[in-house]
Amino acid sequence: MATEKTDKIRGRDIDFAAAAVKKALVEKFGRDNELADLSVEAGETTISVRDGKQNAEGTRDNLLAGIRAAGSYSDVWRLWGRY
């Protein structure tokens, strides 16, 4: 049984999932877009993504699917709006 202390040392799966979402965004869109305001945070069961006034929340799979399907950074936010 994991305790709060071991969770902090080991990390939670959702934390690794949030890191994967942020990495995918930066790799795909970071060259052409300013991502200084990008914030990706792990919740208990979902991941929250914010950039300025834009907000999205979803599972790792849903968020990564939107990134893969999007042709531009603005497209990813439009796709995430459907979840």
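Nothing here was measured: the structure is a model prediction, and the numbers come from that model.

A.B. asks: Give me the packing of helix H3 (residues 60–69) against helix H4 (residues 73–80): which residues, what numbers.
C.D. replies: With their axes 8 Å apart at the nearest point, H3 and H4 run at an angle of 140° to one another. By the criterion of interaxial angle, the relationship of H3 to H4 is oblique. H3 and H4 meet at a crossing whose hand is right-handed. Contacts from Asn62, Leu63, Gly66, Ile67 and Ala69 in H3 reach Val76, Leu79 and Trp80 in H4. Looking at the contact of H3 with H4 residue by residue, the class counts come to six nonpolar, two polar and no charged.

A.B. asks: Before we move on, could you go through the pattern of salt bridges and cite the residues and values that matter?
C.D. replies: Oppositely charged side chains are able to pair whenever their charged atoms sit close together. Inspection of every chain in the model, using the stated rule, returns five salt bridges. In this structure, the salt-bridge partner of Asp15 is Arg12, at a minimum N-O distance of 3.1 Å. Overall, the relative accessible area of 32% leaves Asp15 in the partly exposed class. For Arg12, a relative accessible area of 26% corresponds to the partly exposed category. Between Glu44 and Arg12 there is a salt bridge; the shortest N-O distance is 3.6 Å. Within this pair, whereas Glu44 is found in the loop between strand E1 (38–42) and strand E2 (47–51), its partner Arg12 is found in the loop between helix H1 (4–10) and helix H2 (13–29), the two being separated by 32 residues in sequence.

Rules used in this analysis
- Residues numbered from 1 in each chain as written.
- Predicted model: local features only at pLDDT ≥ 70, side-chain atom pairs only at ≥ 80, totals over all residues.
- Heavy atoms only, no water.
- Axes fitted to C-alpha atoms, helices over the stretch in contact; angles between N-to-C directions.
- Helix = DSSP H or I, 4+ residues; strand = E, 2+ residues; numbered from the N terminus.
- Parallel < 35°, antiparallel > 145°, perpendicular 65-115°, else oblique.
- Left-handed = near helix turned anticlockwise from the far one by under 90°.
- Contact = heavy atoms within 4.5 Å.
- Nonpolar A, V, L, I, M, F, W, Y, C, P; charged D, E, K, R; others polar.
- Salt bridge = Lys/Arg side-chain N within 4 Å of Asp/Glu carboxyl O.
- Buried < 20%, exposed > 50% of the residue type's maximum accessible area, 1.4 Å probe, protein only.

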